[in-house]
Amino acid sequence: MTVLGIETSCDETAAAVVTGEGRILANLILSQLDEHRPYGGVVPEIAARSHLDHIDRLVGEAMEQAGLAFADLDGVAVTAGPGLIGGVFVGVMTAKAIALAWELPFLAVNHLEGHALTARLGAALDFPYLLLLVSGGHCQLLAVEGVGRYRHLGGTIDDAVGEAFDKTAKLLGLGYPGGPAVERAATEGDPEAFGLPRPMLGRPGLDFSFSGLKTAVRHAAQGAGLLDNPEGDPQRRADLAAAFQAAVGDVLAERCTKALALFAERYAKAGPLVVAGGVAANRHLRARLDAVAASAGTRLLAPPPALCTDNAAMIAWAGVERLRLGLTDPLDFAARPRWPLEDLAARAAASPG
């Protein structure tokens, strides 16, 4: 079984070819960072036009690198949502055209499911497992019970972790993209130099909140003379980055500790804990979550950093997982800007799990 995957949900144009055994035959990503950097964030119209300009070439290069013809494929998988609808539409129409021309199964993949299943790519990982999904647009705790079967345990009530990293980097003038910039700066900083809040810490439930932390960072930056001041003290800038990262780590660690206890109660097993999404590439946060998992008597699993950020290999793999269960989609499947994981349950109801 071999599946072509296409990903165009945000600011990376990506194409990949993955086998049923989890071998990645090709995984190409064209970043749009330079196009969006002047604006300090992703501009949807620019992203969509860039996808349109490059997707055909990238798919062709992926197939050439894999050493395959389209007739050798067993299916075409594509991110059909959630995401910036212009970009999602470009990828969906490209995948539909290939599926129609070569009479291949079409697999409309939920972008979040791509992240959720990445830890199973080329690794032995049985269902169920606990997933912390952290990215620029999402922050959720989920019990992954099977392909298309996700039980929501908690999520952010306002901003996602990745968005908070990006906004902090912008406030401190650290550059774009914000996540890696904050992490680099934090390595030189003292996390105790600023007293920042830990929103929702100790409260009942498993929800998150990061808007108050962003506000606290703004006030701290202003008080330290760093706000809109590229000439401000670089050490204080690094200290505030470290303090912010530590606050996020404390919140994620506390919520995951509670989630692992709940997971063990519901599923009679300790874990494992899987972390996925772009923020999962942060080494400080991985270390915090690794300690949480060890304390709970289980292990932390995380994809390699290159598979944490948006990529087409995870979409192709999700396509493999769905194709095995016969979960294909009609060619009139509509691209979706919003698509909660819980909505996949109806599509998975006919599968044996």
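Residues numbered from 1 in each chain as written. Predicted model: local features only at pLDDT ≥ 70, side-chain atom pairs only at ≥ 80, totals over all residues. Heavy atoms only, no water.

1. Side note on the packing of helix H5 (residues 161-172) against helix H6 (residues 178-186)
Item 1. Relative to each other, H5 and H6 sit at 65 degrees, their axes nearing to 7 Å. Regarding H5 and H6, the two cross each other, and that crossing is left-handed. Residue-level inspection shows Phe-165, Asp-166, Thr-168 and Ala-169 of H5 in contact with H6, the latter providing Gly-178, Gly-179 and Val-182.
Item 2. Residues of the contact of H5 with H6, tallied by class, amount to 3 nonpolar, 3 polar and 1 charged. (Axes fitted to C-alpha atoms, helices over the stretch in contact; angles between N-to-C directions. Helix = DSSP H or I, 4+ residues; strand = E, 2+ residues; numbered from the N terminus. Left-handed = near helix turned anticlockwise from the far one by under 90°. Contact = heavy atoms within 4.5 Å. Nonpolar A, V, L, I, M, F, W, Y, C, P; charged D, E, K, R; others polar.)

2. A short note on the side chain of Ser-9
Item 1. Topologically, Ser-9 is positioned in the loop between strand E1 (2-7) and strand E2 (12-19).
Item 2. You can call Ser-9 buried: its relative accessible area is 4%.
Item 3. Here His-111 takes part through its side chain, which lies 3.5 Å from a polar atom of the side chain of Ser-9.
Item 4. Ignoring any residue separated from it by four or fewer positions in sequence, one finds Ser-9 in contact with Thr-79, Pro-82, Gly-83, Leu-84, Val-88, His-111 and Asp-310. (Buried < 20%, exposed > 50% of the residue type's maximum accessible area, 1.4 Å probe, protein only. Polar contact = N/O pair within 3.5 Å; in protein donor to acceptor, adjacent residues only side chain to side chain.)

3. Here we look at the packing of helix H8 (residues 234-267) against helix H9 (residues 283-295)
Item 1. One can describe the packing of H8 onto H9 by two numbers: an axis separation of 9 Å at closest approach and a directional angle of 30 degrees. Taken together, the axes of H8 and H9 lie roughly parallel to each other. Crossing of H8 against H9: the hand is right-handed. Facing Gln-245, Ala-246, Val-248, Gly-249, Asp-250, Leu-252, Ala-253, Cys-256, Thr-257 and Leu-260 of H8, the residues of H9 in contact are His-284, Leu-285, Arg-288, Leu-289, Val-292 and Ala-293.
Item 2. For the contact of H8 with H9, the residue count by class is 10 nonpolar, 4 polar and 2 charged. (Parallel < 35°, antiparallel > 145°, perpendicular 65-115°, else oblique.)

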